[in-house]
Amino acid sequence: MMRGVILGVTATLVVIGLVLYIGVRAGMMPANADGKPSKLERWAAKTSLQATLAREAPTTAPPIALNDANLIAGIRLYAATCAVCHGASDGNPSRIARGLYQHPPQLAKDGVEDDPEGVTYWKVDHGIRFTGMPAFGKTLRDEQIWQLALFLKHMDGLPPAPQRVWKAVKSEAAGPPTADR
Ligand code: HEC
């Protein structure tokens, strides 16, 4: 009896493995970047990210002061490193943003001001798997990641001096679409 069950389970697993292998070899797993993610893919990616954030994102207040100097440092970093994907203050997506799978949110329109700074900190530090969102933990200092998180938290209510710097940021690659479709 037990032997039968073990054999049955093993055979089922082998068949599932074979079907997956044949599916991948036949190119049935989408490999293109200009499609729309399926509901299942969106659900799995979102749910796993939320659970990871709940476990790992810092819940303490940012270890840097909320002042003009830190906000402006965050804006300058954003302009140099993030605007190419997340857009400038006009919210117009660049060509890179339009072609990337998943589409990066244009943060001037679709911002993350509601997220705690620690959540944004984690995303910038570690990146988001299966998307174009890079991990910056190895290339930016801790203080710089917090400056970015601080700016994104206050993007929709900046004091006058940082607001002027932000408004002057232009996304290099942004421009009117030139392709026909
Ligand atoms: C190569 C493109 C690219 C670059 C450069 C990039 N990102 Fe992202 N980012 C993405 C994509 C794509 C997503 C969406 C991920 C998803 O769908 O979950 C994302 C998501 C995010 C999110 C989460 C948004 C949300 O709605 O939850 C934050 C915050 C973020 N990025 C911040 C940054 C910061 C700060 C920088 C610069 C240091 C940066 N990103 C650079 C592509 C990029």
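Definitions and cut-offs
Residues numbered from 1 in each chain as written. Predicted model: local features only at pLDDT ≥ 70, side-chain atom pairs only at ≥ 80, totals over all residues. Heavy atoms only, no water. Domains from an automatic or database assignment. Salt bridge = Lys/Arg side-chain N within 4 Å of Asp/Glu carboxyl O. Buried < 20%, exposed > 50% of the residue type's maximum accessible area, 1.4 Å probe, protein only.

Caption draft 1: Just the domain arrangement of the protein chain, in detail. Partitioning the protein chain into domains gives domain 1 (1-31) and domain 2 (39-167). If you average the C-alpha positions of domain 1 and of domain 2, the two centres end up 40 Å apart.

Caption draft 2: Seen up close, the pattern of salt bridges. Counted by the stated rule, this structure contains three salt bridges. Linking Arg55 and Glu56 is a salt bridge whose minimum nitrogen-to-oxygen distance equals 3.6 Å. According to the relative accessible area criterion, Arg55 is exposed, its value standing at 62%. With relative accessibility at 40%, the residue Glu56 sits in the partly exposed group. When the shortest N-O distance is used, the salt bridge between Asp115 and Lys123 registers 3.7 Å. Its relative accessible area of 24% is what places Asp115 among the partly exposed residues.

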